[in-house]
Each structure stands twice: as C-alpha cells, then as structure tokens.
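# Chains, contacts and geometry: an overview
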Amino acid sequence: MGSPFPRAVLFVLISVLLISAEFVFAKHAAGITRHYKFDIKLQNVTRLCQTKSIVTVNGQFPGPRIIAREGDTVLVKVVNHVQNNVTLHWHGVRQLRSGWADGPAYVTQCPIQTGQAYVYKFTITGQRGTLFWHAHISWLRVTLYGPIIILPKRHVSYPFPQPYKEVPIIFGEWWKTDTETLISQALQTGGAPNVSDAFTINGLPGPLYNKCSAKDTFQLKVKPGKTYLLRLINAALNDELFFSIANHTLTVVEADAVYVKPFRTTTVLITPGQTTNVLLRTKRHHFPNTTFLMAARPYATGPGAFDNSTSAATLQYQHRRHLSSTASSAKNLKRLLLKPKFPFFNNTKFATIFSKKIHSLANSKFPANVPKRVDRRFFFTVGLGLTPCAKTQNCPGPNNTKLAASINNVSFVQPNTALLQAHFFNKSKGVYTTDFPVNPLVKFNYTGTPPSNIVVTSGTKVVVLPFNSRVELVMQDTSIIGAESHPLHLHGFNFFVVGQGFGNFDPNKDPAKFNLVDPAERNTVGVPSGGWVAIRFLADNPGAWFMHCHLEIHTSWGLKMAWIVMDGKRPNQKLPPPPSDLPKC
C-alpha cells in the first residue's frame with residue numbers, strides 16, 4: 001500500500017484548483033476592472049486640403065476605443081495637457097450611483113483644468129452593445145469622441161447570428177475653422193454659427209468633397225457570404241443622419257446598447273447621441289472591380305441652414321488569393337462606383353416609420369420593464385425663441401434680440417458650481433432653484449400659429465424627484481420660429497418610448513394608444529418635427545442628471561435642464577460621497 005503523503009498532496013492540489021476555479025468564475029461573473037489613460041493633447045490633422053490643430057485623446061482622431069464586458073468596472077485617468085477646460089461624458093452608461101463620473105460640465109463636475117487630472121470610475125451594469133464617449137463642455141466634442149464597446153458577459157452569446165467581424169462606424173462633423181472660436185463668436189453676436197464643411201466616417205470625409213478628400217476615405221474590405229456587425233455611432237454635433245450602403249440591406253439588432261427585435265432596412269436614421277448596431281450580410285460572390293459606397297447625409301427639418309453634403313466610405317470585396325491574376329487584371333479595368341439612394345433630406349415620414357420599427361425584445365431574458373403605473377407626469381415644450389441682448393450689443397433679431405432655445409420657455413443658465421456638488425452638500429442656494437415648471441406656464445397652439453411674445457425666460461431650474469418615482473414625460477415640439485426635430489438625451493437613465501405623434505399631444509386620447517408591451521428602450525430620442533414623443537422611466541438612480549438636446553447649437557442656446565433624484569432609504573440607494581480628486585471650480 002502506497003504512502004498517504006501523495007494522496008494528501010493530491011487532495012490539497014485538487015482543493016486549491018477548485019477554489020481557484022471558483023475564484024475565477026466569481027471574477028468573471030462580477031466582471032474585471034479595466035484601466036485606460038486618456039491624455040488630452042493637441043494634434044495637427046489635415047482634412048479637406050487644410051491642416052489645423054485639434055484637441056484629441058492620445059493624439060488620436062477619432063479617439064481610442066473603450067472595450068469592456070457587461071459587469072466590468074472601467075477606470076479612465078484623464079490628464080489635461082491643453083489650455084481648454086475639459087470634461088468627458090460616457091454617453092448612455094447608466095452610471096448607477098456613480099454620478100460623479102457622468103461628466104457634463106457644471107452639472108456633475110467642474111471641468112478638469114490645464115495640468116490637472118481626474119479618474120472617471122464606473123461599472124457597466126445590465127448593458128451590452130454600443131455606446132460612445134465625448135467631451136461635454138462647449139463644442140470640444142467635435143474632435144473629442146470615441147466608441148464604447150460593451151461585450152456580453154463571458155460565454156454569453158448575442159441574440160442574433162454571431163458576426164464574422166465587428167466594425168465601429170462613427171459619424172462626425174468637420175469644420176475648417178476653430179469651432180471654439182466659432183461658437184464663442186456666435187453666442188456673442190447672437191447669430192447662428194456657420195455649418196460644418198464636411199461630415200466624416202471614422203474621422204475621414206471621403207471622396208465626395210474636394211480633390212484632397214478622396215485619399216481620406218475609410219475602407220471596409222469584406223469577404224463574400226459573411227455577416228459583419230457594424231456599430232453605428234452618431235457623434236456629429238448638429239445633424240441627424242441617414243446611412244446606407246449601395247446595393248446592400250442592413251438588419252437592425254440593437255439601439256442605444258439595448259437589443260431590439262431585428263428588422264431589415266436599406267437606410268438607417270441615426271440622430272446625434274444615438275447608436276445603432278446593424279448586421280451586414282455580404283453577397284455570395286466577389287465583385288473585384290466594383291466599389292460600393294457606404295454614405296451618410298443629413299436629415300434636416302429646421303428653418304436654418306445645414307450642411308447639405310454627403311460623407312462616404314467604401315465597401316470592397318476582397319479577392320480570392322488563387323485568382324490573383326484576375327485581381328491584377330481587374331485593377332486595369334475602370335472600377336464601377338455604386339452609390340446608395342437616400343430619402344429626401346426632410347423626409348419626416350421615413351424618419352417616423354423607421355423610429356416606429358424599433359421595439360424591445362421584451363422576452364424573459366431581456367424584459368421591457370416599462371413602468372405600468374405613473375407617479376409623476378410632466379409636459380415639456382421644446383423649441384426655439386428669442387432673448388433680449390444687452391444694450392451695448394447689436395444683435396440680428398427683431399428689437400435687438402438673439403436666438404435662444406428652451407424647455408417650457410426656460411432657457412437654462414449654466415451655473416458656476418456643479419449641480420451635483422451643490423445638491424450633495426445641501427448648498428443649492430445661489431446655484432439652482434427647484435421650481436422648473438412641470439407644464440408650460442402659457443398654453444398655446446404649439447404646432448400652429450406662434451404666440452405674439454416669443455421671448456424666453458432664463459434660469460438654473462431643476463425638477464426634484466423622490467427615489468423610485470415612476471415618471472411619464474411628454475415632450476412637445478413647438479413651431480415658434482420653425483418646427484424642428486430635436487434629439488433629446490437623458491443622462492443616468494434608459495427610458496421607454498411609449499408613444500409619438502404629430503400635432504399637439506392630446507392627454508385625453510393619445511395615452512390610450514401608448515405601447516406598454518415592447519416599446520423602444522433608449523437614452524436619446526427624436527422629438528418629431530411638429531409633433532410629440534412620450535417616454536417613461538424609473539427614477540432609481542440618485543444624483544443630478546442632465547437632459548438636453550443633442551444638437552449642440554441648441555444646447556448652447558439653452559435647450560437643457562436637470563433632474564435631481566433623491567436618495568432612497570437603503571444604503572445601496574444612496575449616492576456615495578465624491579472622489580477625492582473631483583475637479584474644483
């Protein structure tokens with residue numbers, strides 16, 4: 001009979017392995033911590049035959065990808081090496097009890113000043129799909145943006161066919177001039193700033209602009225008969241966009257990091273702040289001498305000027321290696337260039353039909369937890385108006401006025417102290433008031449003849465919500481100055497889009513048609529031009545949460561407000577104290 005020693009050693013080894021396996025499993029179940037370093041610095045970049053210095057992360061444009069799994073904790077150390085004050089926002093991340101990391105300047109934090117650093121820390125909870133990060137101060141997000149890719153937990157598959165390859169496609173806008181100077185001058189003079197000179201796809205304008213832009217074209221090389229997941233992100237400042245690929249059909253499978261019931265389309269509508277994952281199934285055959293354009297151009301409904309241009313990337317089929325001689329001879333042939341067909345730039349009918357196709361999966365694995373009952377109801381009008389200029393100014397509007405934007409006729413005034421700090425330390429006096437109107441103070445025919453007085457009021461006003469309030473909010477576009485689609489983004493929450501329509505919302509008839517079964521779950525929604533949209537959300541995240549139009553010029557003009565959600569009774573329902581390195585004003 002052998003010595004018992006080896007058995008004992010074997011038992012210990014097995015025990016250690018089992019414990020290690022349990023530890024590893026627990027680690028994967030709970031997620032891991034992922035560290036990133038973002039150095040904010042200037043970089044010379046050439047587009048449209050012109051070189052300019054832009055603000056970047058790590059010298060990259062667009063900025064680096066953040067990749068994490070559901071359940072992971074993300075730490076991003078941001079060091080500011082430029083003269084501009086900077087904040088970053090992790091757009092669409094729920095930030096459950098991590099409001100100090102949300103990022104909008106003077107809402108959840110004071111900016112990171114020159115030479116200073118701040119570590120953003122947050123956990124990805126119950127989300128998977130595509131989001132993005134961007135600067136959230138002035139117009140710096142024109143070049144400060146990048147993808148956030150949230151993968152499912154390990155060994156968890158997608159609820160759609162596993163793609164052969166995944167490709168982020170991020171839309172932006174490019175100005176030849178310095179955009180900080182542009183918006184500063186516009187706000188001083190009271191006029192609208194110049195529109196962008198080009199749209200970009202992954203930072204590149206593509207071949208449809210001037211002689212220099214052809215070389216600055218994003219290329220996607222694909223294999224026949226494969227499925228590609230395109231992670232679409234609209235990081236443009238002021239334009240909603242149509243996206244299409246010539247002679248190809250796309251299948252929408254996710255919107256704003258929430259899986260949706262798949263549907264096929266040749267054109268995708270995506271507003272600033274929205275993300276959409278689509279499956280591209282390539283054709284079975286090679287097309288060695290054909291280039292398919294992947295293009296984006298604006299959907300525009302407002303009365304003002306817009307960048308009426310088209311950014312394009314190319315989709316090309318890779319050649320089989322054993323057909324190299326055919327491939328080389330194909331190079332001598334004139335390449336066939338196929339362009340996609342788009343709806344008209346103001347085709348609101350198409351935009352409405354597309355938006356209504358988006359539905360939550362609403363199954364046992366991915367339920368749609370839309371609030372069935374409502375505790376607080378709000379009715380917000382959104383749109384443009386006028387505000388008086390100082391007597392020393394010469395503004396272009398009637399009676400020396402300039403353009404302004406508002407919610408319930410309140411144009412938001414940015415405070416000098418962050419709202420979240422003022423709330424947390426009970427020092428709101430002189431920073432904000434809690435009398436934001438829950439309904440318009442003056443009722444009128446919102447989509448008909450505007451009232452005689454279209455001058456807005458101004459102030460730093462918020463709405464206070466008890467923890468776990470079930471909220472219903474109807475947002476109504478107004479035809480003051482002109483009806484226009486407004487993409488509204490709510491920080492800190494996903495909401496359910498339970499209804500939308502045209503004309504004035506009817507509180508007696510329209511709620512009966514609300515979808516409380518499988519509504520779209522989003523963080524950014526377009527308020528239809530000349531219409532309304534109704535959303536519901538559960539106020540289960542304590543903190544101060546910004547809500548604003550994601551058309552950056554409208555945010556600059558004041559189309560923004562904030563919600564303050566109070567702490568709950570339990571420890572896990574309270575906002576923790578701020579981190580020690582929170583920037584100071």
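For the structure given in this document, a descriptive report is provided here. (Residues numbered from 1 in each chain as written. Predicted model: local features only at pLDDT ≥ 70, side-chain atom pairs only at ≥ 80, totals over all residues. Heavy atoms only, no water.)

### Section: the packing of aromatic side chains
Each aromatic ring pair is specified by the distance between its two centres and by the angle formed by the two planes. All told, the structure shown has 37 aromatic pairs when counted by the stated rule. On the numbers, 5.3 Å between centres and 70° between planes, the contact of Trp90 with Tyr120 is edge-to-face. Of this pair, Trp90 sits in strand β5 (residues 88-91) while Tyr120 sits in strand β6 (residues 117-123), and the two are 30 residues apart along the sequence. The exposure class assigned to Trp90 is buried, which follows from its relative accessible area of 0%. Using a relative accessible area of 0% as the deciding quantity, one classes Tyr120 as buried. Ring centres 5.6 Å apart and planes at 80° place the aromatic pair Phe242 and Phe350 in the edge-to-face group. With Phe242 in strand β13 (residues 240-245) and Phe350 in helix α4 (residues 348-356), this residue pair connects regions lying 108 residues apart in the sequence. (Phe/Tyr/Trp six-rings, centres within 6.5 Å; stacked < 30°, edge-to-face > 60°. Helix = DSSP H or I, 4+ residues; strand = E, 2+ residues; numbered from the N terminus. Buried < 20%, exposed > 50% of the residue type's maximum accessible area, 1.4 Å probe, protein only.)

### As for empty space enclosed by the protein
Inspection of the entire model under this criterion finds three cavities of 30 Å³ or more. Its boundaries defined by the atoms lining it, the largest cavity holds a volume of some 40 Å³. Residue lining of the largest cavity: His134, Ala135, His136, Ile137, Ser138, Leu140, Arg141, His548, His550 and Glu552, and that is the complete set. Its residues assigned to classes, the lining of the largest cavity shows three nonpolar, five polar and two charged. (1 Å grid on protein atoms, 1.4 Å probe; cavity = no way out; pocket = protein on both sides within 12 Å on 5 of 7 lines; lining within 4 Å. Points joined across faces, edges and corners; volume = space filled by probe spheres on them. Nonpolar A, V, L, I, M, F, W, Y, C, P; charged D, E, K, R; others polar.)

### Quick notes on the nonpolar core
A general tendency of soluble globular proteins is for nonpolar side chains to be buried together. Counting residues in each nonpolar core, the largest one holds 80 residues, and the members touching the most others are Leu230, Phe380, Met475, Met547 and Trp563. Grouped together as the second largest cluster of nonpolar side chains are 46 residues, Leu140, Ala257, Ala544 and Ile564 included. (Core = buried A, V, L, I, M, F, W, Y, C linked by side-chain atoms within 4.5 Å.)

### Re the environment of Val442
With respect to the helices, strands and loops of the structure, Val442 is situated in the loop between α5 (419-424) and β24 (457-459). Given the relative accessible area of 55%, Val442 is considered exposed. Expressed as a C-alpha distance, the spacing of Val442 and Asn408, which sit 34 residues apart in the sequence, is 8.8 Å.

### A closer look at the layout of surface pockets
Space inside the largest pocket adds up to approximately 620 Å³. If you trace the largest pocket, you find 28 residues lining it, with Arg94, Pro367, Asn369, Phe496 and Glu521 closest to the centre. Of all elements in the fold, only β15 (258-265), β28 (495-502) and β31 (531-539) reach the threshold of two or more residues within the lining of the largest pocket. The element best represented in the lining of the largest pocket is β31, accounting for three residues. A breakdown of the residues in the lining of the largest pocket according to their chemical character gives 15 nonpolar, six polar and seven charged.

### Remarks on the state of the cysteines
Applying the stated rule across the entire model yields three disulfides. The partner cysteine of Cys49 in its disulfide is Cys212, sulfur to sulfur 2.0 Å. Measuring the twist about the S-S bond at about 105°, one finds the Cys49-Cys212 disulfide to be right-handed. In this pair, Cys49 is assigned in the loop between β1 (33-47) and β2 (50-57) and Cys212 in the loop between β10 (198-201) and β11 (219-222), connecting sequence segments 163 residues apart. Residue classification places Cys49 among the partly exposed positions, given a relative accessible area of 41%. Bridging Cys389 to Cys395, the disulfide has an S-S length of 1.9 Å. Here the S-S torsion is close to -100°, and the disulfide linking Cys389 with Cys395 is therefore left-handed. (Disulfide = S-S within 2.5 Å.)

### Brief notes about the pairing of β28
Here β28 lies mainly inside the structure; seven of its eight residues are buried. Two strands pair when backbone bridges link them, and β28 and strand β29 (residues 520-522) are joined in this way by three bridges, in the antiparallel orientation. Considered in β29, the bridge of Phe495 is made with Arg522. (Pairing = 2+ DSSP bridges.)

### Description of the side chain of Thr282
With respect to the helices, strands and loops of the structure, Thr282 is situated in the loop between β17 (275-281) and β18 (290-299). We classify Thr282 as buried; its relative accessible area is 4%. Polar side-chain contacts of Thr282 include one of 2.9 Å to the backbone nitrogen of Lys226. The residues contacting Thr282, other than those within four sequence positions of it, are Val222, Lys223, Pro224, Gly225, Lys226, Tyr228 and Tyr317. (Polar contact = N/O pair within 3.5 Å; in protein donor to acceptor, adjacent residues only side chain to side chain. Contact = heavy atoms within 4.5 Å.)

### Focus: the pattern of salt bridges
Tallied over the full model, the rule gives 14 salt bridges. Between Asp518 and Lys261 there is a salt bridge, and its shortest N-O distance comes to 3.0 Å. Placement of Asp518 in the loop between β28 and β29 and of Lys261 in strand β15 is noted, with a sequence separation of 257 residues between them. Note on Lys261: relative accessible area 31%, which makes it partly exposed. Residue Lys513 pairs with Asp510 through a salt bridge whose shortest N-O separation is 3.3 Å. Residue classification places Asp510 among the buried positions, given a relative accessible area of 10%. (Salt bridge = Lys/Arg side-chain N within 4 Å of Asp/Glu carboxyl O.)

### Examining helix α2 (residues 179-189)
Every buried residue of α2 is accounted for by Thr179, Leu182, Ile183 and Ala186. In a view along the axis of α2, the buried residues occupy a sector of 90°, so they form one face of it. Turning to α2, the residues buried within the fold contact α6 (552-557). Positive phi shows up at Gly190, right after α2, with a value of about 90°. (Arc of directions from axis to C-beta.)

### Remarks on the environment of Thr125
Tracing the backbone through its elements, the reader meets Thr125 in the loop between β6 and β7 (129-135). With relative accessibility at 40%, the residue Thr125 sits in the partly exposed group. Separated by 56 residues in the primary sequence, Thr125 and Arg69 place their C-alpha atoms 9.5 Å from one another.

### Here's the deal with the sheet that holds strand β27 (residues 486-490)
Read from one edge to the other, the open sheet built from five strands follows the order β25-β33-β32-β27-β30, with strand pairing classed as mixed. Every other strand in the sheet has two partners, leaving β25 (462-465) and β30 (524-527) as the edge strands with one partner each. Between one strand axis and the next, the sheet turns by 20° as a mean value, whatever way the strands run. Examined bridge by bridge, β27 and strand β32 (residues 543-549) share three bridges and lie antiparallel to one another. Pairing of Leu488 across the sheet is with Cys549, part of β32. (Axes fitted to C-alpha atoms, helices over the stretch in contact; angles between N-to-C directions.)

### Points about the pairing of β13
With six of six residues buried, β13 is to be regarded as a mostly interior element. Residue alternation in β13 divides its side chains into two sets, Glu240, Phe242 and Ser244 and Leu241, Phe243 and Ile245, and both sets are buried. Looking at chain direction, β13 and β18 are connected through six bridges and run antiparallel. Following the sheet pairing, Glu240 is matched in β18 by Tyr299. Of the strand pairs in this sheet, β13 and strand β16 (residues 267-270) are connected by four bridges, and their pairing is antiparallel. Paired with Leu241 across the strands is Ile270, a residue of β16.

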